[in-house]
Each structure stands twice: as structure tokens, then as C-alpha cells.
Amino acid sequence: MMLRSKSSSMKPAVAGSWTFLLQAAIASTTKRPSAFSTLASYTTATIPTRDPFAIMNAISVAASPSTTAPPSMRRQLHPSTIKLGVCADTFTMDHLLIFYSRRGNLSCALDLFDEMLQRNLVTWTAMVSGMVRSGAPELGLRLFVSMVRGGFCPNEFALASVLSACCQSVEANAKLGLGLSLHGLAFKAALDGNPYVGSSLMLMYAKYGYVAAAEQLVQMHHSGITPDVFTYISAVKASSITRELKFGQQLHGLVIQNMLQSDTSVMNVLVDMYFRVGLKDIAVAIFGKIRRKDTISWNTMISGLARDEDEKVAADCFVDMSRYGCKPNQVTFSVMLRLCGAKENASLGLQIFGLAYLHGYSDNVLVANAVINMLSRCGLLSCAYAFFCNLSVRNVATCNEMIAGYGLHSCSEDAMRLFRSLVCFGAKPDEFTYPAVLCAFQQAHDARNHEQIHASVLKHGFASCKFVSASLVKAKAALGSIQGSLKVTKDAEKVDLVSWGITMSAFLKHGLNDEVLFLFNLFRSDFTEKPDEFILATVLNACANSTLIR
DNA sequence: GTAGGGTTAG
């Protein structure tokens, strides 16, 4: 299969200098000539003005998501603001802060935040949302707590931002308490019925696995608040997370009734929902009805097809995307590369990698991680490692991919070496690190390394994370240690049907049939619930293996 | 007067 790129000039045009901003300012500030005059004075650098409104306007223009201000100009905004002596003005400083936070410049935003003599509710809210957007939800949550402790009463803006942080935070996800406290705060401030806060609460509960999401939307209907597109998107996403297909279909009906089929984002989330529940044909039909397909529409479609590992159809879709004038982005390349890895199609994978490079994504961490995934799944481990070593940007996920690559090929020593170096260099492992490294020990009976990883899980507070505990149980089963597995489940503080099932099947996988039967008897004496189909099938398999059934 | 919620991606 050959893929050909049709676009010739992929590099973004770099705008000249201040003139670019000037043009943007003229276009967007026709009612505010002060911005124009300030910018004009910047360009000539002769008459510095002290008009904070004009400076604010200039920053606002630069911070606007539609503006791609040149880097030289961006670098000058902060010193210019300080030089003009307006750093004491909270309103202007807020604008500068929003400028940094929207661009994901965390260190500048944090520096400025520290410098500020006075902070208001907007300062704090902009910081919280900036942290979430830049992938630092834990920091956002901590800032929110400091804000409340500092005596600020959160409004709908702050609550919507912090709920988003709550949804994205791995630490917060382990505990529902924080989400409930936020709902309490919203209720106290009479903001739980606010459309923004309501949508965010709905998603938060859905991500915790509470079907109360549906009720929330019904309540919004009853209280006379008209749901907007965001509400629908959150509700469809919530029904997709909680696997409430009926509710999702009702929402689909409401989307048609309320003529929201013209909204691309609403349609995108519907396509995604139908793919996730396995109704591929409906998903494809809805995709066909999207009039203005954006990159997310195509990505949703490609990733839905990739989930079935339908490499040919997904690749066709990838080609169609460019043909219809929609440029692939880092998500598109990540999905395609991972699909090539899953299908062990190194030839197609390398072509996609070449295209990603041409499109300017060679330094993108999401794409780089997917390249490591593709190379290692295709068995090109040494290539993957060479690529990993030469990367200029890395994150924890990059290391996880390389460790997972070693794990997949049972290179336990290499996986362990990388895991140790990750910890030694001060990086914090995350919930994906442990399953990746433990995968290498499915066959290796190395108790000493097991203990080290287990200790790290406990130290970093991942004992209750279900993927981590499941992979630990599997590793304990590889050692044949029943007591070890039971301890892991106990440490996870969630001894449910699922964890019993995982434990029994892990022992079955290693042919430890007597252990499966021992665990089943223990389950019957300790647990009041009836065994589910998965447990029964596991036990029956163990019986069959032990020739207890003839 | 500024800030905010969503969809694709591990």
C-alpha cells in the first residue's frame, strides 16, 4: 500500500514582526483605536504610552486563539508591559497571564503569577484553566484549593475550570470525594443548575462511573435552562462513558429535533459514541451526514476504524481526508502509526512517519511516542531505542512506550533498566508505567525486580489504580504466589467481582488450575455476591484442565 | 472590563 502526500508546502508561514500584530489589531479593534495607537507606538518605539487599556488590547489581540503572533513579538510583550510601569495593574496583568496560559507557556504564567502584587478571581481562574489546558491538572487543583483557602468564592468560571481539572487528574479520579466537594461548593453558590457548571458536573460523574449524568440533564430541562451544544456534547460523551446507549440514542433524537445536525462537534461526538458501542454502520452513516467535516471528524472516523484494526479502510480514510482538503494533525498521525504497529505493518508505518515528518510533526511528542509504539510492535526494537535516544522532547509517556516495547518482547532487564533510570532522574512514573514494565515479567520469574516495582507502586500511590493492580496480580500469578495476589487486591481497597475474576484468570493463564479452584473456594466463603459469567467460565476451564470434568 | 464547559489522541 502506497500513500502519497499531495501538499507541497507544509511549513507554516512565519509572519514578519509587529506589522502582523498591527494588522490583527486594526481588524479586531475598530471600536478601540487606543490599541492601534499603542501598537503603532511600539513599532516606532518612540512615544511609549502608559494607557493600560491600550496595552491590554494589544495583549488581548496577541492572546486571541485566532491570532498567531510572531515569536519575537510574543517575547517582547512581558518586558514591554513591565517597562511601561503597569505591572501593578491587576487587570492588565491578568491579560498577560491569559496570554501565556492560552499558549500553554506554564513557566511564564507561573512566574508572572508569583510576581503579581494583587490577584483577583480572574487571575486564579485563568491559572487553573491554563494548568488544565497545558496538561497539569494536579497543579490546577492545587491552585484552586489555594484560591478557596485565600478567601475567594468560586464563580461559574472557576467551577467549570476546576471540574475539568478534576476529570483529567489521575490522582483526583481515584477519589470521588473531591468531585463531591466541588458539587457541594456549586450547590452552596446556587450554581449547580448553571449550564456550564451543570455540563461539567455531568461529565465528572460519568467519568467516575455514575449514571447520575442523565438525571442532571433532565433536571436542567425541568429548571427551564435550555441545553446548548456543549450540554449535548457532554451528555453524549457521558452516555458513551457509562455505556448508556439508550440515553445516547435519545440524545441523538433530541439533536435531530433541535436541528443540531449542522453542528460539527455534536456530530463528531455522536460518531464517536456509536463507534465505541460497536454500532459501526450507524457511526459511518452519521459521519457521512456531517456537512463541514473538521480534523476531529476525520480523526474520530479513522480511530473508530482503527479500533477494529481495519487497516485498509482506515488508510483509505486517511487519504480521503487530505483529498477533501482537511490536513492531518498529530492525533491523525498517532492513530495511524499505532494502527500500523498493531498490524505489524512496518512498511506502511514508515510511510506514515515520513508524512508526519513532512507535515512538521517530527518534534511532536504525541507522534514520537506513537513512532516508538509502531517500531517496537513491528519488532524493530533497536530502531525504536535509537529513535528514543535521539528525541529532543520526551515525557513520561515516551519512556512508557519504550518500556512497553521491551515488555512486549519480554526483555525484562532492558525494561527494568529504563524503569530505574526514569525513577533515578526524578521523573514520576504514572499509571501506564507499571503495566508496561510488569508486562516484561509475565514469563520472567524474577521476584527481586517484582518487589522493587511493587514498592514503587505503593510509594507513588498507585495501589488503588485498577490497571496497575491488575498487572501486579498477573505478575504475582506468574510467580505462582496466591498470597501475593491477594495482598495486591487487598491493598487496592476494591475487592469486587472484577478483581476476583482478574486474579483467577491470571492463575489459569499459567496453568495453575489448583490455585484457581483454591481461589474460587475462598471467594465463595468470603464474598456474598454470586460469581459472574467470567468467573464461572474461568473456574470451568480450570476444572477441565485438571480433568475434573469428563 | 478579563476568565469558563465539549468532541479525536495512552
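Residues numbered from 1 in each chain as written. Chains lettered and ligands numbered in written order. Predicted model: local features only at pLDDT ≥ 70, side-chain atom pairs only at ≥ 80, totals over all residues. Heavy atoms only, no water.

## Thoughts on the overall build of chain A
Rules: Note on conventions: DSSP H or I runs of at least 4 residues are helices, E runs of at least 2 residues are strands, and numbering of each starts at the N terminus. Each residue's exposure class comes from its accessible area (1.4 Å probe, protein chains only) as a fraction of the maximum for that residue type: buried when under 20%, exposed when over 50%, partly exposed otherwise. Throughout, the Shrake-Rupley method with a 1.4 Å probe supplies accessible areas, and for residues the shown protein chains are the sole cover considered.
Per the secondary structure count, chain A includes 32 helices and zero strands. Within chain A, buried positions represent 47% of all 550 residues. For chain A, the computed accessible surface area is about 27,400 Å², with 57% contributed by carbon and sulfur atoms.

## Things to note about the side chain of Ser-499
Mapped onto the secondary structure, Ser-499 falls in helix H30 (residues 497–509). Judged by its relative accessible area of 13%, Ser-499 is buried.

## Some words on the nonpolar core
Condition: Here the nonpolar core consists of buried residues drawn from Ala, Val, Leu, Ile, Met, Phe, Trp, Tyr and Cys, with membership extended through side-chain atoms lying within 4.5 Å. Any pair of residues with heavy atoms lying within 4.5 Å of one another is described as a contacting pair.
In this structure, Val-437 and Met-504 are the most contacted members of the largest nonpolar core, which totals 100 residues. At eight residues, helix H16 (residues 264–276) tops the list of elements feeding residues into this core. Not counting residues within four places of it along the chain, the set of residues in contact with Val-437 comprises Ile-403, Ala-415, Met-416, Phe-419 and Ile-453. The next biggest cluster of nonpolar side chains, apart from the first, holds 36 residues, and it includes Ala-126, Leu-141, Val-162 and Tyr-205.

## Topic: the UniProt feature "repeat: PPR" (unreviewed entry) in chain A
The test is simple: UniProt positions are given in the numbering used here, feature names are shortened, and annotations may be inferred rather than shown by experiment.
This chain's UniProt record puts "repeat: PPR" (unreviewed entry) on residues 120–154, 294–328 and 395–429. End-to-end, the C-alpha atoms of residues 294–328 are 10 Å apart, and along that stretch the chain is 74% helix and 0% strand. Secondary structure within residues 395–429 divides into 74% helix and 0% strand; the distance between the first and last C-alpha atoms comes to 10 Å.

## So, helix H24 (residues 396–408)
Given 3.6 residues per helical turn, the α-helix brings residues three or four places apart onto the same face. To keep things clear, this is the line we draw: Expected helix span is given by 1.5 Å per residue-to-residue step, counting one fewer step than there are residues. Here a polar contact is taken to be a pair of N or O atoms separated by no more than 3.5 Å, where protein atoms must pair a possible hydrogen donor with a possible acceptor and residues adjacent in sequence count only if both atoms sit in side chains.
Its 13 residues give H24 an end-to-end C-alpha distance of 18 Å, which sits within 8% of 18 Å, the value for a rise of 1.5 Å per residue. Along H24, the residues that are buried comprise Thr-398, Cys-399, Asn-400, Glu-401, Met-402, Ile-403, Gly-405, Tyr-406 and Gly-407. For H24, the secondary structure elements touched by its buried residues are helix H20 (330–342), helix H22 (365–377), helix H23 (381–389), helix H25 (412–424) and helix H26 (433–439). A side-chain oxygen of the first residue of H24 lies 3.0 Å from the backbone nitrogen of Ala-397; this N-cap is Asn-395. Where H24 terminates, the next one or two residues include Ser-410, which has phi positive at roughly 55°.

## Here we look at the packing of aromatic side chains
Geometrically, a pair of aromatic rings is defined through the distance of the ring centres and the angle of the planes. Here is the rule we go by: For Phe, Tyr and Trp, where Trp contributes only its six-membered ring, two rings pair if their centres lie within 6.5 Å, and the inter-plane angle classes them as stacked under 30 degrees, edge-to-face over 60, or tilted in between. A ring is scored as having a charge over it whenever the NZ atom of a lysine or the CZ atom of an arginine sits within 6 Å of its centre and within 35 degrees of its normal.
Applying the stated criterion across every chain yields a total of 16 aromatic pairs. In textbook terms, an aromatic cluster arises when at least three aromatic residues are bridged by ring pairs, as seen for Trp-500, Phe-520, Phe-523 and Phe-527. Above the face of the Phe-287 ring, Lys-293 is positioned so that its terminal group lies 5.0 Å from the ring centre.

## A look at the packing of helix H17 (residues 280–289) against helix H18 (residues 295–307)
Put simply, the rule is: An axis is simply a line fitted to the C-alpha atoms; with a helix, the fit covers only the stretch in contact. Between two such axes, the angle follows the N-to-C directions and lies from 0 to 180 degrees. Comment on the angle field: the value is read as roughly parallel under 35 degrees, roughly antiparallel over 145, roughly perpendicular from 65 to 115, and oblique elsewhere. Two helices that cross are described as forming a left-handed crossing if the nearer one is turned anticlockwise from the farther one by less than a right angle, and a right-handed crossing if clockwise. When residue character is reported, Ala, Val, Leu, Ile, Met, Phe, Trp, Tyr, Cys and Pro are called nonpolar, Asp, Glu, Lys and Arg charged, and the others, Gly included, polar.
Taken N-terminus to C-terminus, the directions of H17 and H18 make an angle of 160°; their axes are 11 Å apart at the nearest point. Comparing the axis directions of H17 and H18 gives the class roughly antiparallel. The crossing of H17 and H18 is left-handed. Only Ser-297, Trp-298, Met-301 and Leu-305 of H18 make contact with H17, whose side of the interface consists of Lys-280, Val-284 and Phe-287. Here the contact of H17 with H18 is built from residues that sort into five nonpolar, one polar and one charged.

## Thoughts on H22
Under the 1.5 Å per step criterion, the end-to-end length of H22 is 18 Å for 13 residues, consistent within 8% with the ideal 18 Å. With respect to burial, H22 is a largely interior element, 10 of its 13 residues being buried. Among the residues of H22, Val-367, Ala-368, Asn-369, Ala-370, Val-371, Ile-372, Asn-373, Met-374, Leu-375 and Ser-376 are the ones counted as buried. In the core, the buried residues of H22 are packed alongside H20, helix H21 (346–358), H23 and H24. You can read the cap of H22 off the contacts: a side-chain oxygen lies 2.9 Å from the backbone nitrogen of Leu-366, and it is on Asn-364. At the C-terminal side of H22, Gly-379 shows a positive phi close to 85°.

## Considerations on the pattern of salt bridges
Defined as follows: One speaks of a salt bridge when a side-chain nitrogen belonging to Lys or Arg is within 4 Å of a carboxyl oxygen belonging to Asp or Glu.
Counted according to the given criterion, the structure contains 11 salt bridges. Between Arg-323 and Asp-320 there is a salt bridge; the shortest N-O distance is 3.2 Å. You can see Arg-323 and its partner Asp-320 sitting in helix H19 (residues 311–323), three residues apart, about one turn around the helix. The exposure class of Arg-323 is exposed, given its relative accessible area of 53%.

## Focus on the environment of Leu-143
With respect to the helices and strands, Leu-143 occurs in helix H8 (residues 137–149). Put simply, Leu-143 and Val-128 are 15 residues apart on the chain and 6.3 Å apart in space, counted from C-alpha to C-alpha. The residues touching Leu-143, leaving out its near neighbours within four places in the chain, are Phe-113, Trp-124, Met-127, Val-128 and Met-131.

## With respect to the packing of helix H7 (residues 121–133) against helix H9 (residues 156–168)
Where H7 contacts H9, the axes come no closer than 9 Å and their chain directions differ by 25°. As judged from the angle between their axes, H7 and H9 are roughly parallel. In this structure, H7 meets H9 at a crossing whose hand is left-handed. Residues Thr-125, Val-128, Ser-129 and Val-132 of H7 touch H9, and the partners they reach there are Phe-157, Ala-158, Ser-161, Val-162, Ser-164, Ala-165 and Gln-168. Across the contact of H7 with H9, the residue classes tally to six nonpolar, five polar and no charged.

## Considerations on unusual backbone geometry
A positive phi angle is found at Glu-309, which is not glycine, with a value near 55°. One can find Glu-309 in the loop between H18 and H19. We classify Glu-309 as partly exposed; its relative accessible area is 37%. Here the phi dihedral of Ser-410 falls at roughly 55°; this positive angle occurs in a residue that is not glycine. Position of Ser-410 relative to the elements: it lies in the loop between H24 and H25.

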